[in-house]
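# Reading the structure
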Amino acid sequence: DWESQAHRVPDGWSPNLATASPLTPAIPPSIGPIHEGPEPDTEGLDDVTKALIAGDDESALELYRQHASCRPGISMAPGTQAAVADLLFARAEFEDSLEAYRTYLDAHPAGPDAPTAKYRTAVILSRRMDRLEEAGKLFLQVVMEHPDPEVVAIARAERDRIRALA
């Protein structure tokens, strides 16, 4: 169902934000520890990313909110922006999560986390905000772009549900 799939992590995601690349984006911090083993080299990384790597979700969110209030609509590094959005989504902070996903998508529309960001944005819009027309358009994009066939099937079913309500 859509609720269990909303938290699914696509295959191929790296368990370590410090070693993530565009081809292997990081697992959202809410899914488990981001870093295990020797300390990663964090030189040059922003404070939000460092907090995520350390598993300090509270500090990461506080620092992110400071960034977002000073620089609204300006994305952080792609992996960091997506990880923060995923963390907010997992905490059911849907309005903040929606804004974080939209910031990511505005800055990185074809980024590695874009299909999941679109899917979760559509879920928030359809199931939490009753913005069905906007959600339907995003679910169509998810059907066409998402690499996970199970998520595609759920997005297709959600789009069909929305069309039936229209």
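My aim in this report is to walk through the structure given alongside it, one point at a time. (Residues numbered from 1 in each chain as written. Predicted model: local features only at pLDDT ≥ 70, side-chain atom pairs only at ≥ 80, totals over all residues. Heavy atoms only, no water.)

Under the defined criterion, the tally for this structure stands at 3 aromatic pairs. Here Phe89 and Tyr101 contribute two aromatic rings whose centre-to-centre distance is 6.4 Å and whose plane-to-plane angle is 65°, an arrangement assigned as edge-to-face. Of this pair, Phe89 sits in helix α4 (residues 78-90) while Tyr101 is found in helix α5 (residues 94-107), placing the two residues 12 residues apart along the sequence. Residue classification places Phe89 among the buried positions, given a relative accessible area of 3%. Pairing Tyr119 with Phe139 gives two aromatic rings, centres 6.3 Å apart and planes at 65°, and the pair type is edge-to-face. Here Tyr119, found in helix α6 (residues 114-128), pairs with Phe139, found in helix α7 (residues 132-145); they are 20 residues apart in sequence, far enough to count as distant. For Phe139, a relative accessible area of 0% translates into the label buried. Here a set of aromatic residues connected by ring pairs shows up, and it is made of Phe89, Phe94 and Tyr101. Between the NZ or CZ atom of Arg120 and the centre of the ring of Phe89, over which it lies, the distance is 5.3 Å. (Phe/Tyr/Trp six-rings, centres within 6.5 Å; stacked < 30°, edge-to-face > 60°. Helix = DSSP H or I, 4+ residues; strand = E, 2+ residues; numbered from the N terminus. Buried < 20%, exposed > 50% of the residue type's maximum accessible area, 1.4 Å probe, protein only. Lys NZ or Arg CZ within 6 Å of the ring centre and 35° of its normal.)

Let's shift gears to the pattern of salt bridges. Summed over all chains, the structure comprises 11 salt bridges. Here Glu134 ties to Arg131 by a salt bridge, and the two come within 2.9 Å at their closest N and O atoms. For Glu134, a relative accessible area of 31% corresponds to the partly exposed category. The closest approach of N and O atoms between Arg161 and Glu158, which form a salt bridge, is 3.3 Å. Note that Arg161 and Glu158 are positioned in helix α8 (residues 149-165) at a spacing of 3 residues, about one turn of the helix. (Salt bridge = Lys/Arg side-chain N within 4 Å of Asp/Glu carboxyl O.)

Another point: the packing of helix α2 (residues 47-54) against α4. The contact between α2 and α4 brings their axes to 10 Å, and the two run at 55°. Classified by the interaxial angle, the pair formed by α2 and α4 is oblique. Crossing angle aside, the handedness with which α2 passes α4 is left-handed. Judged by residue contacts, Val48, Thr49 and Leu52 of α2 engage Thr80, Ala83, Val84 and Leu87 from α4. The residue makeup of the contact of α2 with α4, split by class, is 5 nonpolar, 2 polar and no charged. (Axes fitted to C-alpha atoms, helices over the stretch in contact; angles between N-to-C directions. Parallel < 35°, antiparallel > 145°, perpendicular 65-115°, else oblique. Left-handed = near helix turned anticlockwise from the far one by under 90°. Contact = heavy atoms within 4.5 Å. Nonpolar A, V, L, I, M, F, W, Y, C, P; charged D, E, K, R; others polar.)

Looking at where Ile53 falls in the secondary structure, it is placed in helix α2. Separated by 27 residues in sequence, Ile53 and Thr80 have C-alpha atoms that sit 9.9 Å apart.

This next bit is on unusual backbone geometry. In this structure, Ala92 is a non-glycine residue whose phi angle is positive, near 60°. Along the chain, the position of Ala92 falls in the loop between α4 and α5. Phi is positive for Asp130, close to 55°, though the residue is something other than glycine. Tracing the chain through its elements places Asp130 in the loop between α6 and α7. Its relative accessible area of 59% is what places Asp130 among the exposed residues.

Direction vectors running N to C along α4 and α5 enclose 160°, while the axes themselves pass 8 Å from each other. When the axis of α4 is compared with that of α5, the two are roughly antiparallel. As for the relative orientation of α4 and α5, their crossing is left-handed in sense. Residue-level inspection shows Pro78, Gln81, Ala82, Ala85, Asp86, Leu88 and Phe89 of α4 in contact with α5, the latter providing Phe94, Asp96, Ser97, Ala100, Tyr101, Thr103 and Tyr104. Within the contact of α4 with α5, the residues separate by chemical class into 9 nonpolar, 3 polar and 2 charged.

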